Amino acid sequence: MIEFRKEFFADERDDNLNEVGKPTRRQDILGHVTGRSPYFDDHLFDGLLHIRCVRSPHHHARIRRIDIAEAQSMPGVVRVLVGRDVPRNLNTLLSLLDFGIDDEPLLAETKVAYKGEPVAAIIAETEAQARAAVARVRVDWDVRPHVLDVEEAIKPGAPVVCEVYQTNKFIYHGKYDHQKLRYGDVEAAFARADHIVEGRYQMSPIEQAPIETCGAIAAPEVNDRYVCYTSTQALFFSLGTAAKMLTMPSNRLHFIGGTVGGGFGGKVDSLHEPIAILGAMLTGRPCKFAWDREEEMQVGAPRGAERWYIKDGVARDGRILARKFTGYFDSGAYTRLSSYAIIKGVGHLPGPYTIPNVHADVYCVFTNRTPATAMRGFGITGVDFAIEAHMDKVAEAVGMNPIDLRILNSYRDGDMKAHRRVAKNTALIECCQVVADKAGIALQASSRAASSLRDGGGERGRLPAHTALDQKGTVTGIDTGGYARKGGAPGRPAQPVPMPGYSMPAAATAAPRPPAQTPARPAATAASVASSQSTTPPPPPAQPANTTDRPRQGAMRFSSISGLRRR
Amino acid sequence: MIQSVETHATIAEAQRAMGADAIYMAGGTLVMRDVNAGVTATRIVRSSDPVLADIRLSGDGVTIGAGVTMAMIAVHRDLTFLAPVARSVGGPQIRNMATVGGNLFAPHPYGDFAVAMLALGARVSVAGQSAAPRPIADVLRERGRIGLVASVQVPRPQAPADFGFLKASRIKPKGVSVLSIAAYLPRQGGRIRGARVAFGAMGPMPLQASAVERVLDGQSLDAATITRAAQVAVEGLDPPTDPLATTWYRREVAGVHLKRLLERMARG
Amino acid sequence: MAKTPIVFVLNGAERASFAEPGQNLLEFLRRGVGDLSPKYGCGQGTCGACTVTIDGQTHLACLTLAESVTGRRVQTAAGLATGATLHPLQEAFMENFAAQCGYCTPGMLISAKALLDRNPNPSREEVVEAISGNICRCTGYEPIIEAILAAAKGRARA
Ligand SMILES: Cc1cc2nc3c(=O)[nH]c(=O)nc-3n(C[C@H](O)[C@H](O)[C@H](O)COP(=O)(O)OP(=O)(O)OC[C@H]3O[C@@H](n4cnc5c(N)ncnc54)[C@H](O)[C@@H]3O)c2cc1C
Ligand code: FES
Ligand code: FES
């Protein structure tokens, strides 16, 4: 039985709650139990056409020719869509936030980079006719070597997965081929440590598997508009993406969503709407484009695979002095949301612990796998698994009970976190104490006496005196959008970015620079992004009470992305 | 793509209507998947023959129409020995639809009921043939060429403890077989006479475990015999790798599950 | 391709419509007849979102040939309520938070109703067994099981 104890966050609690603690009905439940909740497919249109995609059977191949002649003459076929029918056949979702380079076609024209990538779409009177015609599209494939492993993909000579990113690595802030976190000096701390504990952790892709598969129905509406019913979890992303790829003002698109048959993140970067709307535009009739279950499993973007290497420097008494991460996110063939997941994940490092020296290099790697996307705990779950498995390993190395080890290293209110924000509302210690009680584990007296509210801040609340910086992985000649340049300046409108070649410095050299130019500044506030362009040191650690009323416009931008996956 | 659906009054007529462009549909739990995916023949042939839904007891045997569903078997008063087998197939909706005939033709990893039929040494009547019913092992080996099945004749075990069935799956209570095992061990004076043991999901079709049968024959079902039987469990089997389990895993656990089944049968 | 006229009883009322050759009952009910309560989740028999009863027995509409309901009685979740009066199972699902996204709910309700119709006082195990062919990805099943048990006991809340 969970008890919600009032002493925690007492100063922040609002006890005028009139719902929490009482059973309540969902506001949409009546529709659910009567079968009347209107999911995207629950709209009847006379003369509805059905769209099915022709998909790559290969992980990686060039397209020599797509022959649609026979398919076009099949019974019931109204139209066959190929890449050149798409007004702007290149996109990346986060370009709507001016982050990342357009890298993914709606319908591939020159090459495919994952198994199941669509190259054409059949529009037919019935679904069965569309399926039959799919089998008659002849694609002349030039099959290329593929790469399915993140570390293989970044070796020299690996097949280039996505033309835009020639080294198979996403480029962060126009500068680095990975997302950096530098806080203190891990190497110096390793030299002082009594134990070095290293681990490698791997997590496979996970399919969100909502019971409703992804789909959309679009139909011509009055006033030269199109209505689109969609299963998207992110209605305004989908609207923006459709408007961009179809090069039409979004006020000509009437999107209706919100009733979603489960999403769990898998319906954030939906690409059904532009295909359905394009179908409606070119045929003048209502069109439905929905995945079947097999497609949902094969091409539905999963939570991506992650591989983490963690190296800790640990004192004899169990204090973790330094933690170094090397992480590889498997983005699959295109960026989708993995680039952002890493920013969020790096902001979370080194987990809920106060470690004075932290270093992370995290790579967003392109492989010939299904593009990855959001899923619950996006950007966090994989590395948390790695961190917590590693904590157990550290406990074993120093001969401590794993819960005692966690309490000892736990963050407390007022501590400085590696992303340079002061920790507040921490409750890991209390959580561990309750877990130990429930599990009947005897804690050390010091663990029993510890509190999240005491002994934090002070020395622990200060930034490290020295942070070791380096220019490893510097990339020049690439423009990933205006994200890195923001700092209050209005965002650059999304522009088609040409595919520039870019060069890598031959050697990665460590060139110390003032801390304010630390390149790793994940999901920062508007204020601190501005400071990264100047030599102003980061704001001094504020006391928890003060931080609550600090404006957080910058963070809101990204929390609006993460808010999308809460279904 | 399906162009037509034909329903024939007798199974013999349905047999005559078959051809390279036709697929026979019973409960449809497998055929409709293919129809939905657009990967099947152009004609669906069905039969409304009432004999297909018949369950007829005869002496020490029972004749089960090919169209009898798993749900019908699960509740039949005289087929309690087969109820656990029928109940192991799919979820409740599948059992209301899935037929005995269809199960004989279900590809790996399906065919749990066929495993029981193989262990019981059932005989199969083929539609439109007056010849004697054929041993089920032949039918399983030649499925695809055999024609339509009209019914299955199944011996009924003299003692309920002579027949046992086990299915290992990853999801419970519903779930597809990692493997299934059926054992028919008639005993005379405490000794097994004419052991028949069959495995499902351990090869391209339900397979008889002759090595196990040889170990069991003439023995009493004691701990030593069970251990020896488990040791030879995978002899002659050819388990595939699929999303549920690897070849290695299936080989590894086959003996363990056989041992559990035999121990349960020994306890009676 | 010739369409087949199909006359059957849906939720107590006689209905007639045409089926495409090889069309499954789910598509037929949804697009042909206009009953949108059974849902598509897989078209492979694995999710149960399309569950309906045919002559009182649960079937998967996606694996049923539309033709096969000719002359038979089909029930869907849309027909559970009597006018404005909800079925006790519907009340119990509402009160017990037995749905989140709600996509599995129509199929769950039909499986539950088929159970209670033949076994008005099921054990917890029988409830679990009865809904074992229905996948819910959101609720974690407990509230659904509680709701069905509560409905059986004649109380909305477990
Ligand atoms: C979700 C799901 C879960 C399942 N779980 C299981 C399980 O746990 N165990 C299991 O064994 N199976 C399982 N199955 C497979 C299947 O439901 C059963 O094997 C069932 O018994 C097949 O019977 P049917 O009547 O539905 O066959 P159909 O789909 O009608 O036919 C299957 C095949 O058999 C042929 N056939 C059917 N009847 C005859 C006949 N009389 N003569 C000649 N050929 C015939 C058909 O032409 C076709 O090739 C599952 C299927 C699904 C969709
Ligand atoms: S849609 Fe019929 S079982 Fe999933
Ligand atoms: S409530 Fe979403 S699948 Fe059950």
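Rules used throughout
- Residues numbered from 1 in each chain as written.
- Chains lettered and ligands numbered in written order.
- Predicted model: local features only at pLDDT ≥ 70, side-chain atom pairs only at ≥ 80, totals over all residues.
- Heavy atoms only, no water.
- Pairing = 2+ DSSP bridges.
- Helix = DSSP H or I, 4+ residues; strand = E, 2+ residues; numbered from the N terminus.
- Contact = heavy atoms within 4.5 Å.
- Axes fitted to C-alpha atoms, helices over the stretch in contact; angles between N-to-C directions.
- Domains from an automatic or database assignment.
- Salt bridge = Lys/Arg side-chain N within 4 Å of Asp/Glu carboxyl O.
- Polar contact = N/O pair within 3.5 Å; in protein donor to acceptor, adjacent residues only side chain to side chain.
- Parallel < 35°, antiparallel > 145°, perpendicular 65-115°, else oblique.
- Left-handed = near helix turned anticlockwise from the far one by under 90°.
- Buried < 20%, exposed > 50% of the residue type's maximum accessible area, 1.4 Å probe, protein only.
- Buried area = accessible area lost by both parts, 1.4 Å probe.
- Nonpolar A, V, L, I, M, F, W, Y, C, P; charged D, E, K, R; others polar.
- Near = heavy atom within 4 Å.
- Areas by Shrake-Rupley, 256 points an atom, 1.4 Å probe, with all protein chains shown as cover.

## Structural notes on the sheet that holds strand E10 (residues 177-184) of chain B
Where strands meet in a sheet, backbone hydrogen bonds hold them as pairs that are either parallel or antiparallel.
Residues and elements named next belong to chain B.
Okay, so step 1: Taken in spatial order, the 4 strands of this open sheet run E9-E10-E13-E14, and their pairing is antiparallel. With one partner strand each, in any of the chains shown, strand E9 (163-169) and strand E14 (207-208) form the two edges of the open sheet.
Okay, so step 2: Looking at chain direction, strand E13 (residues 196-200) and E14 are connected through 2 bridges and run antiparallel. Looking across to E14, one finds that Phe 199 is bridged to Leu 207.
Okay, so step 3: Relative to the sheet, helix H11 (residues 247-267) contacts E9, E10 and E13, its axis offset from that of E10 by approximately 40°.

## What to know about the domain arrangement of chain C
All names here are of chain C.
Okay, so step 1: The assigned domain composition of chain C is domain 1 (4-79) and domain 2 (88-152).
Okay, so step 2: A C-alpha centroid distance of 21 Å is found between domain 1 and domain 2.
Okay, so step 3: Of the residues lining the interface, 15 residues belong to domain 1; the matching set on domain 2 comes to 11 residues.
Okay, so step 4: For the pair domain 1 and domain 2, the interface holds 0 salt bridges.
Okay, so step 5: On inspection of domain 1 and its partner domain 2, the count reaches 5 residue pairs in polar contact (both at pLDDT 80 or more).

## Examining the packing of helix H11 (residues 402-409) of chain A against helix H12 (residues 428-439) of chain A
Residues and elements named next belong to chain A.
Okay, so step 1: Here H11 crosses H12 at 165°, and the two axes come no closer than 9 Å. Comparing the axis directions of H11 and H12 gives the class roughly antiparallel. As H11 runs across H12, the sense of the crossing is left-handed. Residues Ile 403, Arg 406 and Ile 407 of H11 pack against Ile 429, Cys 432, Gln 433, Val 435 and Ala 436 of H12.

## Details of unusual backbone geometry
Okay, so step 1: In the segment running from A:Leu349 into A:Pro350, the intervening peptide bond is cis, with an omega of 5°.
Okay, so step 2: By the element assignment, A:Pro350 lies in the loop between helix H9 (338-348) and strand E15 (357-366).
Okay, so step 3: The residue after B:His108, namely B:Pro109, is reached through a cis peptide bond having omega 5°.
Okay, so step 4: Its location among the elements puts B:Pro109 in the loop between helix H6 (100-104) and helix H7 (112-120).
Okay, so step 5: If you check the backbone angles, A:Asp98 has positive phi at about 60° while not being a glycine.
Okay, so step 6: Within the secondary structure layout, A:Asp98 lies in the loop between strand E3 (77-82) and strand E4 (111-112).
Okay, so step 7: Owing to a relative accessible area of 6%, A:Asp98 belongs among the buried residues under this scheme.
Okay, so step 8: The backbone phi angle of A:Phe264 is positive, close to 60°, even though this residue is not glycine.
Okay, so step 9: With respect to the helices and strands, A:Phe264 occurs in the loop between strand E11 (253-256) and helix H7 (272-283).

## Let's talk about the interface of chain B and chain C
Okay, so step 1: Each partner contributes to the interface: chain B provides 24 residues, whereas chain C provides 28 residues.
Okay, so step 2: By the criterion of area lost to chain C, the three top residues of chain B are B:Met32, B:Gln93 and B:Met97, representing 27% of everything that side buries.
Okay, so step 3: At the junction of chain B with chain C, the criterion picks out 1 salt bridge.
Okay, so step 4: When the shortest N-O distance is used, the salt bridge between B:Arg95 and C:Glu129 registers 2.4 Å.
Okay, so step 5: If you look at where chain B meets chain C, you find 10 residue pairs in polar contact (both at pLDDT 80 or more).
Okay, so step 6: Among the elements of the structure, strand E1 (4-8), helix H2 (31-37), strand E3 (43-47) and helix H5 (92-97) of chain B are those that each provide at least two residues to the side of chain B that touches chain C.
Okay, so step 7: The element contributing the most residues to the side of chain B that touches chain C is H5(B), with 6 residues.

## Concerning the interface of chain A and chain C
Okay, so step 1: The interface of chain A with chain C comprises 37 residues on the first partner and 35 residues on the second.
Okay, so step 2: Interface area, chain A with chain C, both sides summed: about 2,900 Å², of which 58% is carbon and sulfur.
Okay, so step 3: Sorting the residues of chain A by area buried against chain C places A:Arg25, A:Val33 and A:Ile211 first, and these three jointly supply 24% of that buried surface.
Okay, so step 4: The interface formed by chain A and chain C includes 6 salt bridges.
Okay, so step 5: When the shortest N-O distance is used, the salt bridge between C:Arg30 and A:Asp41 registers 3.2 Å.
Okay, so step 6: For the interface between chain A and chain C, the tally reads 17 residue pairs in polar contact (both at pLDDT 80 or more).
Okay, so step 7: Among the elements that make up the side of chain A that touches chain C, the one with the highest residue count is helix H1 (residues 29-34) of chain A (5 residues).
Okay, so step 8: Across the side of chain A that touches chain C, the residue classes tally to 15 nonpolar, 12 polar and 10 charged.

## Structural notes on helix H6 (residues 235-245) of chain A
It helps to recall that an α-helix has 3.6 residues per turn; residues three or four apart then point in one direction.
All names here are of chain A.
Okay, so step 1: Of all 11 residues making up H6, 9 are buried, and the element is well covered by its neighbours.
Okay, so step 2: Residues of H6 that are buried: Phe 237, Ser 238, Leu 239, Gly 240, Thr 241, Ala 242, Ala 243, Lys 244 and Met 245.
Okay, so step 3: Contact partners of the buried residues in H6: E11 and H7.

## Side note on the pairing of strand E3 (residues 51-54) of chain C
All names here are of chain C.
Okay, so step 1: The side-chain alternation of E3 yields two buried faces, one formed by Thr 51 and Thr 53 and the other by Val 52 and Ile 54.
Okay, so step 2: Of the strand pairs in this sheet, E3 and strand E4 (residues 57-60) are connected by 4 bridges, and their pairing is antiparallel. From the neighbouring strand, Val 52 faces E4, where its bridge partner is His 59.
Okay, so step 3: Connecting E3 to the next strand, E4, in antiparallel fashion are 2 residues, including Asp 55 with a positive phi near 45°.

## Concerning the packing of helix H3 (residues 105-118) of chain C against helix H5 (residues 142-152) of chain C
Residue and element names in this part refer to chain C.
Okay, so step 1: The contact between H3 and H5 brings their axes to 11 Å, and the two run at 35°. The two elements H3 and H5 cross, and the hand of that crossing is right-handed. When H3 is examined against H5, the residues Met 108, Ala 112, Leu 115 and Leu 116 are found in contact with a partner set consisting of Ile 144, Ile 148, Ala 151 and Ala 152.
Okay, so step 2: Within the contact of H3 with H5, the residues separate by chemical class into 8 nonpolar, no polar and no charged.

## Quick notes on the side chain of C:Thr76
Residue and element names in this part refer to chain C.
Okay, so step 1: Among the structural elements, Thr 76 can be located in the loop between strand E5 (73-75) and helix H2 (88-95).
Okay, so step 2: A distance of 2.5 Å separates a polar atom in the side chain of Thr 76 from a polar atom in the side chain of Asp 35.
Okay, so step 3: The residues contacting Thr 76, other than those within four sequence positions of it, are Leu 10, Asn 11, Leu 29, Asp 35, Ser 37, Pro 38, Val 52 and Ile 110.

## Considerations on the site of ligand 1
Okay, so step 1: Taken together, 34 residues lie near ligand 1, and B:Tyr24, B:Thr29, B:Thr99, B:Asp112 and B:Lys167 sit nearest.
Okay, so step 2: Residues lining ligand 1 come from chains B and C.
Okay, so step 3: Here B:Thr29 contributes a side-chain N or O atom positioned 2.4 Å from an oxygen atom of ligand 1.
Okay, so step 4: In the environment of ligand 1, an oxygen atom lies 2.7 Å from a nitrogen or oxygen atom belonging to the backbone of B:Gly111.
Okay, so step 5: Contact with the protein chains covers 94% of the free accessible surface of ligand 1, which is 960 Å².
Okay, so step 6: Mapped onto the shell around ligand 1, the elements with two or more residues apiece are strand E2 (22-24), H2 and H6 of chain B.
Okay, so step 7: If you tally residues by element for the shell around ligand 1, the top one is H6(B), at 3 residues.
Okay, so step 8: Per-class residue counts for the shell around ligand 1 are 16 nonpolar, 15 polar and 3 charged.

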